[in-house]
Amino acid sequence: MEKRISLPLKEDVILDLKAGDKVLLSGTIYTGRDAAHKRMIEALNKGEDLPIDINGQVIYYVGPCPAKENEVIGSCGPTTSGRMDVYTPAILEQGLKGMIGKGERSKSVIESMKKNKAIYFTAIGGAGALLADRVKAAEVVAYNDLGAEAIYKLEVEDFPVIVTIDCEGNNLYDTQKERYKELLNQK
Amino acid sequence: MREVHVKEIEQAVSKLCMEANFHLSKDIKESLEKSREEEISPLGENILEDIIENANIASKKEIPICQDTGTAVVFIEIGQDVHIIGGDLEEAIQNGIRKGYSEGFLRKSIVEDPLIRVNTKDNTPGIIHYLIVKGDKIKITLAPKGGGSENMSALKMLKPADGVEGVEKFVLETVDKAGPNACPPLVVGVGIGGNFEMAAFLAKKALIRPIDKSNPKKHIKEMEERLLNKINTLGIGPQGLGGKITALGVNIEVFPTHIASLPVAVNISCHVTRHKTIVL
Ligand code: SF4
């Protein structure tokens with residue numbers, strides 16, 4: 001029932017993914033949340049390059065816990081994506097193809113996703129221990145001074161996510177809530 | 001007077017920080033199990049299964065259930081017949097937090113100034129509520145509180161004429177707005193009465209009551225049940241991806257209030273609602 005997908009996302013795969021698909025991702029993803037996004041946008045505004053080549057990549061909105069001895073990473077579930085909305089269209093313009101987080105996205109993010117053919121996945125918020133098990137390697141690649149908010153490069157294997165907004169802008173949050181609301185109020 | 005050394009308090013706080021973050025309490029676990037059976041959305045049911053598995057992994061490996069190990073909120077009830085010795089109480093509590101968050105490999109999520117935003121790197125300061133009570137014991141409850149759900153909380157000064165209906169409407173609106181952002185299934189803490197700051201305090205306090213315990217007042221208990229039922233027809237469901245189980249519980253605390261006022265605070269919490277208590 002789940003689709004296994006290896007990263008980076010290829011264009012035909014992106015076009016094929018539909019809101020509601022359950023997906024297992026394997027390959028490289030980059031982390032980034034509030035502070036890292038702020039810095040990336042500041043760099044772009046100054047005409048500088050981003051510290052990582054974001055073209056074709058996937059960003060995971062997460063600030064992990066520190067790793068215990070013998071662990072790759074600490075608990076690492078998604079953070080609320082909406083806080084990144086003000087920065088996201090500019091990053092999508094740089095070629096970002098996928099985002100993993102939790103919660104709603106703004107209209108302008110969805111418009112930019114449609115234009116740039118990108119996918120919004122959600123992972124289960126609060127399932128940090130389960131998700132950490134699927135991370136096989138982690139290293140800080142930028143903004144080390146930001147601690148939990150630094151940009152990490154993660155190697156993931158069968159990382160479970162749900163396509164929540166696809167590249168045509170179909171939004172699972174809207175459709176499912178309405179559907180179940182109706183069902184629950186019929187009874 | 002019974003003497004309690006600050007070192008003992010520091011130790012206790014440090015241990016509570018770790019335990020609260022590693023082990024989901026029994027009331028929430030049981031409620032998740034029950035909810036899984038009640039969920040009508042297949043995806044929702046899968047999500048609830050993963051949430052339960054996640055809590056089991058965390059507990060077994062002694063790692064945080066959720067990476068947002070939160071602001072350390074401390075409720076400390078100090079018996080008036082206790083004499084605290086050996087140093088500064090506030091410092092002992094903050095040191096306990098520092099120690100617990102470092103030794104437990106918990107995330108440090110506090111910035112020093114809300115506008116300049118530089119991380120304090122040790123998760124201090126925690127937010128401490130001191131209460132002086134009868135007796136010669138010290139009761140400490142540590143409730144790590146995540147930012148995602150905290151951000152969806154709200155307070156409103158209603159008019160007395162708004163009554164029960166107005167209160168329920170505000171709670172439902174707040175939950176509806178929280179939607180997927182607060183990691184449903186939620187636990188909803190509601191404070192009614194008091195004044196502006198008291199309502200918020202009550203809502204937080206409501207969250208440290210186990211969800212299988214109701215408010216002792218009959219009309220409030222009924223309101224808790226009614227609200228839970230209504231919330232679970234909003235359709236939001238686990239993780240906001242549709243379904244029945246939007247909330248696991250609604251806890252309400254009330255307090256006398258002014259003749260002109262009806263304050264209501266809604267503190268939204270998630271399925272990783274954590275609190276752990278110790279008595280010294
Ligand atoms: S809302 Fe709760 S479960 Fe979700 S990320 Fe925050 S603390 Fe974790």
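Anyway, here's the lowdown on the structure attached to this text. (Residues numbered from 1 in each chain as written. Chains lettered and ligands numbered in written order. Predicted model: local features only at pLDDT ≥ 70, side-chain atom pairs only at ≥ 80, totals over all residues. Heavy atoms only, no water.)

This part covers the sheet that holds strand β5 (residues 138–145) of chain B. Strand pairing within a sheet occurs via backbone hydrogen bonds; the two strands may be parallel or antiparallel. All names here are of chain B. With respect to topology, four strands assemble into an open sheet ordered β4-β2-β5-β10, the strand pairing being mixed. With one partner strand each, in any of the chains shown, β4 (127–133) and β10 (276–279) form the two edges of the open sheet. Shown here is a sheet whose adjacent strand axes are inclined to one another by a mean of 15°, direction ignored. Inspection of the sheet shows β5 paired to β10 by four bridges, in the antiparallel sense. When the bridges of β10 are listed, T141 appears paired with T277. (Pairing = 2+ DSSP bridges. Helix = DSSP H or I, 4+ residues; strand = E, 2+ residues; numbered from the N terminus. Axes fitted to C-alpha atoms, helices over the stretch in contact; angles between N-to-C directions.)

All right, on to the packing of aromatic side chains then. With the rule as written, the count across this model stands at two aromatic pairs over all chains. Ring geometry for Y60 of chain A and F159 of chain A: centres 5.3 Å apart, planes at 70°, overall edge-to-face. Note that Y60 of chain A is positioned in strand β3 (residues 58–60) and F159 of chain A in strand β7 (residues 151–165), a separation of 99 residues in sequence. Across the pair, exposure class does not vary: Y60 of chain A and F159 of chain A are buried alike. Their ring planes at 45° and their centres at 5.8 Å tell us that F75 of chain B and F201 of chain B sit as a pair that is tilted. Of the two residues, F75 of chain B sits in strand β2 (residues 71–79) while F201 of chain B sits in helix α7 (residues 196–206), which places them 126 residues apart along the sequence. The ring of Y143 of chain A is capped by R39 of chain A, whose NZ or CZ atom sits 5.1 Å from the centre of that ring. (Phe/Tyr/Trp six-rings, centres within 6.5 Å; stacked < 30°, edge-to-face > 60°. Buried < 20%, exposed > 50% of the residue type's maximum accessible area, 1.4 Å probe, protein only. Lys NZ or Arg CZ within 6 Å of the ring centre and 35° of its normal.)

Okay, the site of the ligand next. Lining the immediate environment of the ligand, one finds K102 and G126 of chain A together with C66, Q67, D68, G146, S149, A182, C183, C270, V272 and R274 of chain B. More than one chain approaches the ligand, the contributing ones being chains A and B. Judged by its atoms lying within 2 Å of the grid points, the ligand is housed in the largest pocket. (Near = heavy atom within 4 Å. 1 Å grid on protein atoms, 1.4 Å probe; cavity = no way out; pocket = protein on both sides within 12 Å on 5 of 7 lines; lining within 4 Å. Sits in = over half its atoms within 2 Å of the grid points.)

Facing the 44 residues of chain B at the interface are 43 residues of chain A. In this assembly, chain B packs against chain A so that about 3400 Å² is buried in total across both faces, 60% of it on carbon and sulfur atoms. The three residues of chain B that bury the most area against chain A are Q67, F105 and L241 of chain B, which together make up 20% of that side's buried surface. Our count for the chain B to chain A interface comes out at three salt bridges. Here chain B and chain A share 17 residue pairs in polar contact (both at pLDDT 80 or more) between them. Top element by residues in the side of chain B that touches chain A is helix α3 (residues 42–61) of chain B. It accounts for eleven residues. When its residues are assigned to classes, the side of chain B that touches chain A shows 19 nonpolar, 16 polar and nine charged. (Contact = heavy atoms within 4.5 Å. Buried area = accessible area lost by both parts, 1.4 Å probe. Salt bridge = Lys/Arg side-chain N within 4 Å of Asp/Glu carboxyl O. Polar contact = N/O pair within 3.5 Å; in protein donor to acceptor, adjacent residues only side chain to side chain. Nonpolar A, V, L, I, M, F, W, Y, C, P; charged D, E, K, R; others polar.)

Residues and elements named next belong to chain B. Spatially, β6-β9-β7-β8 is the arrangement adopted by the four strands of the open sheet, whose pairing is mixed. With partners counted over all chains shown, the strands left at the sheet margins are β6 (154–158) and β8 (247–257), one partner each. Adjacent strand axes in the sheet meet at a mean angle of 15°, parallel and antiparallel pairs treated alike. Relative to β8, strand β7 (residues 186–194) is paired through nine bridges, and the arrangement is parallel. In the strand pairing of β8, L186 is matched with A247. Strands in contact with helix α6 (residues 163–178) are β6, β7 and β9 (262–269); relative to β9, the strand with the most contacts, it is inclined by about 30°.

Computed from the structure, the largest pocket encloses a volume of approximately 1400 Å³. Taken together, 50 residues form the lining of the largest pocket, with R33 and E149 of chain A together with S109, V111 and R117 of chain B sitting closest to its centre. It is helix α2 (residues 34–45) of chain A that contributes the most residues to the lining of the largest pocket, five residues altogether. Split by residue class, the lining of the largest pocket holds 17 nonpolar, 15 polar and 18 charged. Residues from two domains meet in the lining of the largest pocket; each of domain 1 (2–20 + 65–145) and domain 2 (148–274) of chain B gives at least three. When its volume is computed, the second largest pocket comes out at roughly 470 Å³. Residue lining of the second largest pocket: 25 residues in total, with K34, I211, L228, L248 and G249 of chain B positioned closest to the centre. Of all the secondary structure elements, the ones that give two or more residues to the lining of the second largest pocket are α2 (26–38), α8 (218–231) and β8 of chain B. The element best represented in the lining of the second largest pocket is α2 of chain B, accounting for six residues. In the lining of the second largest pocket, the residues fall into seven nonpolar, eight polar and ten charged. (Points joined across faces, edges and corners; volume = space filled by probe spheres on them. Domains from an automatic or database assignment.)

Packed helix pairs are specified by the crossing angle of their axes together with the interaxial distance, meaning the distance between the axes. Residue and element names in this part refer to chain B. Following both chains from N to C, one finds helix α1 (residues 6–22) and helix α4 (residues 89–103) inclined at 40°, their axes separated by 7 Å at the closest point. Seen from above, α1 lies across α4 with right-handed handedness. Contact residues: α1 offers V6, I9, E10, Q11, V13, S14, C17, M18 and N21, while α4 offers L89, A92, I93, N95, G96, I97, K99, G100, Y101 and E103. In the contact of α1 with α4, the residues fall into ten nonpolar, six polar and three charged. (Left-handed = near helix turned anticlockwise from the far one by under 90°.)

With that settled, consider α1 of chain B. Residues and elements named next belong to chain B. When the terminal C-alpha atoms of α1 are compared, their 25 Å separation across 17 residues agrees well with the 24 Å that a helix rising 1.5 Å per residue should span. All buried positions along α1 are accounted for by V6, I9, E10, A12, V13, S14, L16, C17, M18, A20, N21 and F22. Against β1 (2–5), α3, β3 (82–85), α4, β5 and β10 lie the buried residues of α1. (Expected span 1.5 Å × (residues − 1).)

Let us now look at the side chain of R274 of chain B. Residues and elements named next belong to chain B. Relative to the assigned elements, R274 resides in the loop between β9 and β10. For the buried R274, no salt bridge is present, and the opposite-charge side chain at shortest range is D68, 5.5 Å distant. A polar contact is formed between the side chain of R274 and the backbone oxygen of D68, at a distance of 3.0 Å. A distance of 3.0 Å separates the side chain of R274 from the backbone oxygen of V272, its partner in a polar contact. Other than its neighbours up to four places away in sequence, R274 contacts A20, N21, I65, C66, D68, T69, L142, A143, P144, K145 and G146. (Lys, Arg positive; Asp, Glu negative; His and termini not counted.)

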